Structures are given as C-alpha cells and as structure tokens.
Amino acid sequence: MANPFSIHKSEEQGLVVLSLEGYLDAHTAPEFEKAVETEYEAGRVRLVVECSRLTYISSAGLGVFMSFIDEIRGAGGDIKICGLAPKVFQVFDILGFSALFDIVPDLPAAVQRYEDAPVKET
Amino acid sequence: MASIEKTFSLHVPSSTENLAMIRDFVKSIGTQSGMGDLDVAKLEMAVDEACSNVMEHAYDSDSTKEVSIRATVDESSVQIDVIDTGKGFDPASVEQPKLQDLITAKRTGGLGMRLMKSFMDEVHYEMLPGVKNELRMVKKLPKRDG
C-alpha cells in the first residue's frame with residue numbers, strides 16, 4: 001500500500017512550510033505532531049501548513065493544530081493554514097477553527113498574511 | 001411502493017491503520033445511495049470518529065479486538081451502526097466545551113463527538129460495557145423526484 005500520508009518541508013521567505021499530502025487521521029496524526037514539535041523545539045515558530053494535497057482530516061489531525069497553537073503564538077509565531085479543499089475546509093469551519101486560525105487560500109496569501117498580521121487578530 | 005432496505009457489514013481488527021479501509025467502505029455506501037460529495041465526506045468523517053474512539057478508548061488500542069460497522073440503506077436514509085464489546089462510556093458525561101477552552105486546557109477530547117453530532121442527522125448510543133456497545137448514526141438522503 002502506498003504511503004497514506006507524507007509531509008514535505010520547505011522554506012519561503014523565512015517561514016517554514018509544511019506541505020501535507022494524503023490523509024491525516026488517528027493513524028497518521030502522530031507523524032504530523034512530530035513534525036510540528038521538531039520545528040517548535042528548534043525555535044522555528046513561523047509556520048505555514050499547506051494543505052492543497054491533503055485529502056482528508058479527522059479530529060486527530062485537528063488536535064495537532066490545537067495542541068501547539070498557544071505555545072507557538074507565545075513564542076512569537078503562528079500557524080497559517082492554506083490550500084484547503086472544500087470538503088476539508090468544512091471540517092475546520094464547522095468546529096470554529098476559522099475564528100481561531102488564519103486560514104487563507106494559498107501559499108502566497110499565507111506569506112502575505114505574515115506581513116499583514118504575524119499573529120491572528122481575534 | 002415499499003422501500004427496499006439493503007444491509008452491508010465490515011468487520012476489522014481494532015487498529016487505526018484500518019480507518020482508511022473503513023472510510024472507503026462508508027464512502028462507497030454514501031456514493032451508491034445518491035449522496036452528494038460533501039454529505040459523503042460528512043458520513044465518512046462521522047464514522048471515522050466513532051471508530052477511532054472505539055479503537056483508542058473502548059479497546060485501549062488492543063488490535064486483537066474487533067470493530068464492526070453495519071450500514072443499512074433504504075430510500076430515505078443511510079444508517080450506520082458501529083459495534084464493539086469494549087468498555088463503553090457514558091455519552092452524557094462527554095462535555096462539549098468551546099474550542100478556545102480546549103486549546104487553553106491542551107485537550108482535544110470531545111471534538112470527535114461534536115463532529116458526529118454536527119455531521120449526522122441522528123446519533124444514539126446503547127451501552128452494555130464489556131458486552132455490546134452500539135453507536136447508531138443516521139444521515140437522511142435527499143428526496144428523489146418521482
């Protein structure tokens with residue numbers, strides 16, 4: 001069976017971009033958690049999670065965003081989320097993530113968002 | 001005309017690596033019953049949440065146990081029953097806190113339940129811990145012309 005989930009890391013104008021591919025469920029969420037933890041512990045707290053190739057997310061995946069956001073913002077960073085497909089976005093939206101996280105259409109918009117509002121204004 | 005009811009079942013070992021198989025099963029049921037893409041996605045996710053809860057909580061990640069998913073489809077709805085013999089829980093005790101409160105408390109519990117209730121038209125539990133726990137979820141189908 002093909003790898004159901006993978007993370008590609010890149011950098012864009014001083015930001016760390018984690019591009020997710022495949023599905024993020026209770027089985028694969030620990031891998032994502034480890035990736036975010038690695039960046040946080042290294043002091044890289046300006047993150048963009050790029051989701052254009054993410055096909056599915058469950059509450060286990062959402063829990064990773066939730067469990068790091070306070071620390072990351074406390075360290076002066078943020079997690080901007082971009083590229084969500086409509087069926088993935090509906091999950092973020094119904095749980096109220098839109099009010100707590102910066103969710104933007106694509107990577108250039110995420111980079112711009114860091115210029116305009118380094119931490120989401122709530 | 002009398003409605004024709006069809007039943008489909010899937011039994012899998014209680015391991016999160018089987019969640020993808022469960023979602024594929026449910027997705028096929030939803031698509032074949034005439035649901036739109038967004039409703040199929042909601043069905044898929046509600047069942048994933050229910051099965052994840054069983055695997056991680058009712059069975060404490062013991063992969064020797066089995067999770068059963070039974071889908072019953074008729075002209076008006078898709079009913080999914082998730083059945084286990086694990087320790088069960090009191091549905092009334094599951095809080096539905098605000099998202100910010102969960103973040104502040106570093107907790108993610110309760111999100112799955114909130115999703116199930118948001119995405120399905122009905123959610124019921126019947127718990128006999130250690131004997132049989134059954135979670136029943138119903139999604140109504142759009143009315144067809146004619």
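Our structure is the block above this text.
Note that the structure is a prediction, hence the values are computed from the model and not measured.

Q: Quick rundown of the overall build of chain B? Include the residues and the values.
A: The helix and strand inventory of chain B stands at four helices and five strands. Of the regular secondary structure in chain B, the N- to C-terminal order runs β-α-α-β-β-α-α-β-β. Considering chain B as a whole, with its 146 residues, one finds that 47% of them fall into the buried category. For chain B, restricting intrachain contacts to residue pairs at least 6 apart in sequence, the fraction spanning at least 24 positions comes to 63%. Accessible surface, chain B: about 7,600 Å² in total, of which carbon and sulfur atoms supply 48%.

Q: Outline the side chain of Glu49 of chain B, supporting the account with residue identities and numerical values.
A: Tracing the sequence through the fold places Glu49 of chain B in helix 2 (residues 37–58). Nearest to the buried, unbridged Glu49 of chain B among oppositely charged side chains is Arg23 of chain B, at 8.4 Å. When sequence neighbours within four positions are dropped, the list of residues in contact with Glu49 of chain B reads Ser58 and Ser59 of chain A together with Gly112, Leu115 and Met116 of chain B.

Q: Tell me about the sheet that holds strand 1 (residues 6–13) of chain B, residues and numbers included.
A: Strand pairing in a sheet takes place through backbone hydrogen bonds and is either antiparallel or parallel in direction. All names here are of chain B. One open sheet accounts for five strands, arranged 1-2-3-5-4; its pairing is antiparallel. Of all the strands in the sheet, the pair left with one neighbour each is strand 1 and strand 4 (122–128). Each strand of the sheet is rotated relative to its neighbour by a mean of 15°, with strand direction disregarded. Pairing of strand 1 with strand 2 (residues 66–73), which is carried by eight bridges, proceeds in the antiparallel orientation. Bridge assignment links Lys6 to a residue of strand 2, and that residue is Val73. Against the sheet, helix 2 makes contact with strand 1, strand 2, strand 3 (77–84) and strand 5 (132–140), and its axis sits at roughly 10° relative to strand 3, the strand it touches most. Relative to the sheet, helix 4 (residues 111–119) contacts strand 4 and strand 5, its axis offset from that of strand 4 by approximately 130°.

Q: Can you break down the interface of chain A and chain B residue by residue, with the values?
A: In this complex, chain A contributes 25 residues to the contact, which on the side of chain B involves 28 residues. Overall, the association of chain A and chain B removes approximately 2,200 Å² of surface from exposure, summing both partners, and the carbon and sulfur fraction of that is 67%. Looking only at chain A, the three residues that lose the most surface to chain B are Tyr56, Met66 and Leu95 of chain A, adding up to 27% of its buried area. If you look at where chain A meets chain B, you find two salt bridges. The residue Asp25 of chain A makes a salt bridge to Arg23 of chain B at a minimum N-O spacing of 2.8 Å. Between the two partners, chain A and chain B, sit six residue pairs in polar contact (both at pLDDT 80 or more). Sorting the residues of the side of chain A that touches chain B by element identifies strand 3 (46–57), helix 2 (59–74), helix 3 (86–94) and helix 4 (97–100) of chain A as the ones contributing at least two each. No other element matches the eight residues that helix 2 of chain A contributes to the side of chain A that touches chain B. In terms of residue class, the side of chain A that touches chain B is made up of 14 nonpolar, seven polar and four charged.

Q: Describe the packing of helix 2 of chain A against helix 4 of chain B, with residues and values.
A: For the pair helix 2 of chain A and helix 4 of chain B, the least separation of the axes is 9 Å and the interaxial angle reads 130°. Between helix 2 of chain A and helix 4 of chain B, the interaxial angle falls into the category oblique. Note on packing geometry: the crossing formed by helix 2 of chain A with helix 4 of chain B is right-handed. For the pair helix 2 of chain A and helix 4 of chain B, the contacting residues are Ser59, Leu62 and Met66 of chain A in the first and Leu111, Gly112 and Leu115 of chain B in the second. In the contact of helix 2 of chain A with helix 4 of chain B, the residues fall into four nonpolar, two polar and no charged.

Q: So, empty space enclosed by the protein: which residues are in play, and what are the values?
A: Unfilled space is identified by rolling a water-sized probe across the atoms. Counted by the stated rule, this structure contains one cavity of 30 Å³ or more. In this structure, the largest cavity is lined by Thr55, Tyr56, Ile57, Lys87, Val88 and Val91 of chain A together with Ala41, Glu44 and Met45 of chain B. Secondary-structure elements contributing two or more residues to the lining of the largest cavity are strand 3 and helix 3 of chain A together with helix 2 of chain B. Here the lining of the largest cavity is built from residues that sort into six nonpolar, one polar and two charged.

Q: Requested: an account of the state of the cysteines, with residues and values cited.
A: Applying the stated rule across the entire model yields zero disulfides over all chains. No disulfide involves Cys82 of chain A; its sulfur sits 6.6 Å from that of Cys51 of chain A, the nearest cysteine.

Reading guide: rules and limits
- Residues numbered from 1 in each chain as written.
- Chains lettered and ligands numbered in written order.
- Predicted model: local features only at pLDDT ≥ 70, side-chain atom pairs only at ≥ 80, totals over all residues.
- Heavy atoms only, no water.
- Helix = DSSP H or I, 4+ residues; strand = E, 2+ residues; numbered from the N terminus.
- Buried < 20%, exposed > 50% of the residue type's maximum accessible area, 1.4 Å probe, protein only.
- Contact = heavy atoms within 4.5 Å.
- Areas by Shrake-Rupley, 256 points an atom, 1.4 Å probe, with all protein chains shown as cover.
- Lys, Arg positive; Asp, Glu negative; His and termini not counted.
- Salt bridge = Lys/Arg side-chain N within 4 Å of Asp/Glu carboxyl O.
- Pairing = 2+ DSSP bridges.
- Axes fitted to C-alpha atoms, helices over the stretch in contact; angles between N-to-C directions.
- Buried area = accessible area lost by both parts, 1.4 Å probe.
- Polar contact = N/O pair within 3.5 Å; in protein donor to acceptor, adjacent residues only side chain to side chain.
- Nonpolar A, V, L, I, M, F, W, Y, C, P; charged D, E, K, R; others polar.
- Parallel < 35°, antiparallel > 145°, perpendicular 65-115°, else oblique.
- Left-handed = near helix turned anticlockwise from the far one by under 90°.
- 1 Å grid on protein atoms, 1.4 Å probe; cavity = no way out; pocket = protein on both sides within 12 Å on 5 of 7 lines; lining within 4 Å.
- Points joined across faces, edges and corners; volume = space filled by probe spheres on them.
- Disulfide = S-S within 2.5 Å.

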